Amino acid sequence: MKQDRISQTALKVALGNITLSSKADWAKRLPPDLVEISEQLLLASGSPGYGPGLMRASKKPWMVSVYEIQDRIMPGQWEGFGHRKIFMNQQVELAIEAGARQVLVLGAGFDTLCLRLAPQYPDVQFFEVDHPATSAAKAKGVALVGQPDNMVQIAADLSASTLSNVLSNDDRWDTTQLSVLVAEGFLQYLKDEEVRSLFSEAAACTTSGSRISFSHAIPEDRKVLQMILRIISEPFQSAVSSEDLPGYINNTGWTVISDVDTNSAHGIERYAVAERC
Ligand SMILES: C[S@@+](CC[C@H](N)C(=O)[O-])C[C@H]1O[C@@H](n2cnc3c(N)ncnc32)[C@H](O)[C@@H]1O
């Protein structure tokens, strides 16, 4: 993916959720404030085209129809985003209730989880990592919304630097704290061996009992989507079935603790939770 450009897929996820909030009961199902904050982040990002006109258009019934057609052609590339947000939010809150004191969102894009939950959990430290260009574009919106004292944004390419190096540059990350990591719509942009290295690295940076909630692409025919992703230089690089996941991350320090995900509403992705052994 191009380092010097804001991630187009990150913009697309945030915008897709804004439109999703105009469909049926999705506004109530999505985590509170997600839509309002997403809109502020996108507007502040300075990304071409992401102005007030697009935000207004995104909530119109005709835009919902456009997305419904797109979702049929590329399953999971719209409502799947909403399912993902709900799943990750629930898993992070469960982990915090179980004692996690650090939240780390990998490939955060314009995700709002840290911004929403940091003020609710002042005793928990929130971290986000993303490519420098996307991180910088998001920082403008974070400043606008108000950066919580317990939230840190880190700009880094996780294909080029190890997670230990990235986190050791910030003295607030504490490897001895129970933590919950999130990798939502992110792992598929790494190669299989990079995914496994990332899990090993994540194990080195966390203590036993920590968790990682993540989505992963499944091996499926997705020619149209992959063609579009290639055009924007963000093609998928890895995939694994939900059934094969335990073997895929074997010996990385993590054990899958969630059931096999068979939910086709998740489109070309499946969701999982693993625990640090
Ligand atoms: C599809 S977006 C998902 C964004 C967010 N997790 C969400 O679901 O709303 C993928 C994100 O992964 C980030 N990303 C991809 N490869 C990365 C890498 N090697 N290092 C850091 N971030 C990366 C992109 O910049 C982008 O923000």
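Please read these numbers as outputs of a predicted model, since none were measured by experiment.

A. Summary view of the overall build of the protein. Within the protein one finds twelve helices and seven strands. Computed over the C-alpha atoms, the radius of gyration of the protein is 17 Å, within 12% of the 19 Å expected from 2.2 N^0.38 for a compact globule of 277 residues. Along the longest, intermediate and shortest principal axes, the C-alpha atoms of the protein span 50 × 40 × 35 Å. Taking all 277 residues of the protein together, the buried fraction comes to 46%. Long-range pairs, those at least 24 residues apart, make up 73% of the contacts in the protein with a sequence separation of at least 6.

B. Geometry of the pairing of strand E4 (residues 179-183). Taken across its five residues, E4 has five buried, putting it largely inside the fold. Neither face of E4 is open: one carries Ser179, Leu181 and Ala183, the other Val180 and Val182, and all of them are buried. Relative to strand E5 (residues 211-217), E4 runs parallel, the two being bridged by four bridges. Residue pairing in the sheet places Leu181 in a bridge with Ile212 of E5. After leaving E4, the chain enters helix H10 (residues 192-204) and then returns to the sheet as E5, a path that is right-handed.

C. Up close: the site of the ligand. In the neighbourhood of the ligand, 19 residues make up the surrounding shell, with Ser7, Thr9, Ala10, Gly107 and Gly109 lying closest. Looking at the shell around the ligand, the element that brings in the most residues is helix H1 (residues 8-20), giving three residues.

D. Expanded view of the pairing of strand E3 (residues 151-155). Relative to E3, strand E2 (residues 125-130) is paired through five bridges, and the arrangement is parallel. If you follow Glu128 over to E3, its bridge partner there is Gln153.

E. Representation of helix H3 (residues 34-44) within the structure. Burial in H3 covers these residues: Leu34, Val35, Ile37, Ser38, Glu39, Leu41 and Leu42. Among the structural elements, H1, helix H2 (26-29), helix H4 (52-58), helix H6 (79-97), helix H7 (113-117) and helix H8 (132-145) are those in contact with the buried residues of H3. Of the residues one or two after H3, Gly46 is the one with positive phi, at around 75°.

F. Expanded view of the sheet that holds E5. Here seven strands make up an open sheet; going across it, the order is E3-E2-E1-E4-E5-E7-E6 and the pairing mixed. The outermost strands of the open sheet, each flanked by one partner alone, are E3 and strand E6 (254-256). Taken pair by pair, the neighbouring strands of this sheet meet at an average axis angle of 20°, ignoring direction. By the bridge criterion, seven bridges tie E5 to strand E7 (residues 269-276) in an arrangement that is antiparallel. Counted as the bridge partner of Ile212 is Ala274 from E7. This element, H8, spans E2 and E3 of the sheet and lies at about 150° to E3.

G. Structural context of the nonpolar core. One finds Ala14, Val103 and Leu106 to be the most contacted residues of the largest nonpolar core, which totals 74 residues. Not counting residues up to four positions away in its chain, the partners in contact with Val103 are Val92, Cys114, Val124, Phe126, Phe127 and Val180.

H. Highlighting unusual backbone geometry. You will see that Asp33, though not glycine, has its phi angle at about 75°, which is positive. Secondary-structure assignment places Asp33 in the loop between H2 and H3.

I. Examining the packing of H1 against H3 more closely. For the pair H1 and H3, the least separation of the axes is 9 Å and the interaxial angle reads 135°. Accordingly, the angle class assigned to the pair H1 and H3 is oblique. Remark: the crossing between H1 and H3 carries left-handed chirality. Only Leu34, Val35, Ser38, Glu39, Leu41 and Leu42 of H3 make contact with H1, whose side of the interface consists of Leu11, Ala14, Leu15, Asn17 and Ile18. Class assignment of the residues belonging to the contact of H1 with H3 gives a composition of eight nonpolar, two polar and one charged.

J. Broad picture of the environment of Glu184. Within the secondary structure, Glu184 is located in the loop between E4 and H10. On the basis of neighbour count, Glu184 is assigned to the buried category, with 25 C-beta atoms found within 10 Å. Sequence separation of Glu184 and Ala108 is 76 residues, and the distance between their C-alpha atoms is 7.7 Å. Apart from residues lying up to four places away in sequence, Glu184 is in contact with Arg84, Met88, Asp111, Phe214 and Ser215.

K. Spatial organisation of the confidence of the model for the protein. The predicted model of the protein has a mean per-residue pLDDT of 96, with 99% of residues at 70 or higher. Within the protein, the element-level pLDDT minimum falls on helix H11 (residues 223-231), averaging 90, and the maximum on E4, averaging 99.

L. Region of the structure containing the packing of H1 against H6. Direction vectors running N to C along H1 and H6 enclose 95°, while the axes themselves pass 9 Å from each other. The orientation of H1 relative to H6 falls into the category roughly perpendicular. Together, Val13, Gly16, Asn17 and Leu20 of H1 and Glu79, Phe81, Gly82 and Lys85 of H6 make up the contact between the two elements. Considered class by class, the residues forming the contact of H1 with H6 number three nonpolar, three polar and two charged.

What counts as what
- Residues numbered from 1 in each chain as written.
- Predicted model: local features only at pLDDT ≥ 70, side-chain atom pairs only at ≥ 80, totals over all residues.
- Helix = DSSP H or I, 4+ residues; strand = E, 2+ residues; numbered from the N terminus.
- Rg over C-alpha atoms; globule rule 2.2 N^0.38 Å.
- Buried ≥ 20, exposed ≤ 12 C-beta atoms within 10 Å, placed from the backbone.
- Contact = placed C-beta atoms within 7 Å.
- Pairing = 2+ DSSP bridges.
- Right-handed = clockwise from strand over helix to strand, strands pointing away.
- Near = placed C-beta within 6 Å.
- Axes fitted to C-alpha atoms, helices over the stretch in contact; angles between N-to-C directions.
- Core = buried A, V, L, I, M, F, W, Y, C linked by C-beta atoms within 7 Å.
- Parallel < 35°, antiparallel > 145°, perpendicular 65-115°, else oblique.
- Left-handed = near helix turned anticlockwise from the far one by under 90°.
- Nonpolar A, V, L, I, M, F, W, Y, C, P; charged D, E, K, R; others polar.
- pLDDT = per-residue confidence, 0-100.

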